[in-house]
Amino acid sequence: MFKQLMVAALCVAVGEVHAQDGALLDLLVKKKIVTAQEAEDVRADLVKEQVSTSSGKIAVGSWVKEMKIGGDLRMRYQYDSRDFQVDPPEVGSHSVGTPHDKDRSPNGAQRSMWRFRLRLYDEFKLADNWFGGVGLATTPLADGANQTLGSGFGKYGIFISKAYLGWKATDWATIIVGKQANPFYTTDLVWDPDINPDGLVTTFSISKLFAGLPQGGFSKDGFSKDGKAVVAAKPAELPWDLSLNLGAFIFADNSENGGATEPGLRDNDFSTDSYLFQGQLVG
């Protein structure tokens, strides 16, 4: 009877302090108040209770099929040293004929910085092939999120780096609108991978579009004249991957009443919004 009361009391105590359940159970087993099997039974009951209660879950709307939450934090020390490739001009004591006329070594610029980068994101999948995501990052820079420390112990801002919605219309066509991750293949010459453009992007997977076609045409399963089934040709397996990325981006939202240099004018170059259109075929 005493042992049963101890187990019941333990269940109540551990139910309130879940972080200490293992230590309490191990102590009771060591004191031979409960057996090892009884302790395992209590652990199993506590796990079931924790899962069934809302305290062990994150409440998400029923329309969300899948959600991924994450982020990263990076700390770094950065040192820059920039020197001119040519000597500076002759001025002052460095003029010709002065004692220091030969002392004109390139005088560059140096800087050292302690920096950090914080990024948080939430990606989710909805019903009917809809999806989306949001992201937060330090600094409003378009090509990075590094924040330099040293504001007199002041606070640092956080900015929206992503906010988009998308729809996977078919296996070979996807549409995304909003501030999104760079959809293009990037190199050192064009499109920094850290840039998140604003606007509409449509991606067509040409290889997936044609991969479902049977060899020899669009024939489907049918029946011959004698009633025997005719099986369609096996879909072709393409040995390549080809996709088309099309983007229409909002680069600058200008005032329709005219710009600063042409105030009051309508329907002119100063009051027209600036768009960037980009197409890319990736194989």
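Refer to the structure presented above.
Engineer: An account of the side chain of R115 is requested, with residue identities and associated values reported.
Structural biologist: With respect to the secondary-structure elements, R115 resides in strand β2 (residues 109-126). Put simply, R115 is tucked away with no salt bridge, and the nearest opposite charge, on D80, sits 6.7 Å away. In terms of polar contacts, R115 uses its side chain to reach the side chain of Q78, at 3.0 Å. Of note is the side chain of R115, whose polar atom sits 3.4 Å from the backbone oxygen of N146. Discounting chain neighbours no more than four positions away, the residues touching R115 are R74, M75, R76, Q78, N146, Q147, T148 and L149.

Engineer: I'd like to hear about the layout of surface pockets, residue by residue, with values.
Structural biologist: Space inside the largest pocket adds up to approximately 690 Å³. Taken together, 33 residues make up the lining of the largest pocket; nearest its centre are A142, S161, D194, I195 and N196. Every element with two or more residues in the lining of the largest pocket is listed here: β1 (64-82), β2, β3 (130-138), β5 (158-170) and β10 (243-252). Examining the composition of the lining of the largest pocket, we find that five residues originate from one element, β2, more than from any other. For the lining of the largest pocket, the per-class residue count stands at 18 nonpolar, six polar and nine charged.

Engineer: Lay out a nonpolar patch on the surface with the relevant residues and their values.
Structural biologist: A contiguous nonpolar surface patch, about 720 Å² in accessible area, is contributed by L73, M75, Y77, Y79, W114 and L149. Top element by residues in the nonpolar patch is β1. It accounts for four residues. For L73, the location among the structural elements is in strand β1. With relative accessibility at 57%, the residue L73 sits in the exposed group.

Engineer: Run through unusual backbone geometry, naming residues and quoting values.
Structural biologist: You will see that N129, though not glycine, has its phi angle at about 65°, which is positive. Of note, the phi angle at F153 is positive, near 65°, even though the residue is not glycine. Assignment of secondary structure puts F153 in the loop between β4 (146-148) and β5. Residue F153 is classed as exposed on the basis of its relative accessible area of 88%.

The rules we used
Residues numbered from 1 in each chain as written. Predicted model: local features only at pLDDT ≥ 70, side-chain atom pairs only at ≥ 80, totals over all residues. Heavy atoms only, no water. Helix = DSSP H or I, 4+ residues; strand = E, 2+ residues; numbered from the N terminus. Buried < 20%, exposed > 50% of the residue type's maximum accessible area, 1.4 Å probe, protein only. Lys, Arg positive; Asp, Glu negative; His and termini not counted. Salt bridge = Lys/Arg side-chain N within 4 Å of Asp/Glu carboxyl O. Polar contact = N/O pair within 3.5 Å; in protein donor to acceptor, adjacent residues only side chain to side chain. Contact = heavy atoms within 4.5 Å. 1 Å grid on protein atoms, 1.4 Å probe; cavity = no way out; pocket = protein on both sides within 12 Å on 5 of 7 lines; lining within 4 Å. Points joined across faces, edges and corners; volume = space filled by probe spheres on them. Nonpolar A, V, L, I, M, F, W, Y, C, P; charged D, E, K, R; others polar. Patch = residues over 30% accessible without salt bridge, like charges linked within 9 Å, V, L, I, M, F, W, Y side chains within 5 Å. Areas by Shrake-Rupley, 256 points an atom, 1.4 Å probe, with all protein chains shown as cover.

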